[in-house]
Amino acid sequence: MICTECQNRYLKSKIREKDGILSFYDYETIEHFIKYKYHRFGHRVFKILSQNSVKFFANRLNDGFLIIPIDDRIDKGYSHTAIMADTMKTGTLKPLFNVLHSTNKVQYAGKSLEFRLKNPRNFKYTGPKNIDVILIDDISTTGLTLKEAKECLEKGGVNVALSVVLANLRK
């Protein structure tokens, strides 16, 4: 799908931190790849992006965490956050699927911060308590989704040790 030479040239990741969120790419750098999530072969693109970023990162973590993907419902054949969580799986990192979902079905892609503030995601957590987790999502544009998800998890008795995304929007 994406040859090794192109991956090495265009998909070199670098860990960045912005507002307490770890990311691997600037959104603008991989925007054309990220938008493939809307296509039927998008799962292949997300697997490659994840292998070149979150997998590399996960292999260097020695602490044991559960990984919670945001809104990992299967939509159009796959969940991009579930692919990321599965790619991060190691001996000490284990995905915890289908426990954090938005109860609001509004589409947020391309929407303003004002729109997002007026239409909160209203997350619901159904997983275990008293655990340490890594919260993951594909993109952080405003940071609001991760903030809402983290608040929901903390109310549910979960310690969010890290928030991780593939890409962060530069501002």
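What you see is a predicted model; the values in this text were computed from it and never measured. (Residues numbered from 1 in each chain as written. Predicted model: local features only at pLDDT ≥ 70, side-chain atom pairs only at ≥ 80, totals over all residues. Heavy atoms only, no water.)

A. Focus on the overall build of the protein chain. For the protein chain, the count of helices and strands is 7 helices and 9 strands. The globule rule puts the C-alpha radius of gyration for 171 residues at 16 Å, and the 15 Å found for the protein chain is close to it. Based on the C-alpha atoms only, the size of the protein chain along its principal axes is roughly 45 × 40 × 30 Å. Here the protein chain holds 171 residues, and 47% of them are scored as buried. Considering only contacts in the protein chain between residues 6 or more positions apart, those separated by 24 or more positions represent 74%. (Helix = DSSP H or I, 4+ residues; strand = E, 2+ residues; numbered from the N terminus. Rg over C-alpha atoms; globule rule 2.2 N^0.38 Å. Buried < 20%, exposed > 50% of the residue type's maximum accessible area, 1.4 Å probe, protein only. Contact = heavy atoms within 4.5 Å.)

B. Spotlight on the packing of helix H2 (residues 27-34) against helix H3 (residues 42-51). It is at 10 Å that the axes of H2 and H3 come closest, and there the two elements cross at 145°. Judged by residue contacts, Ile-30, Phe-33 and Ile-34 of H2 engage Val-45, Phe-46 and Leu-49 from H3. Of the residues that constitute the contact of H2 with H3, the class distribution is 6 nonpolar, no polar and no charged. (Axes fitted to C-alpha atoms, helices over the stretch in contact; angles between N-to-C directions. Nonpolar A, V, L, I, M, F, W, Y, C, P; charged D, E, K, R; others polar.)

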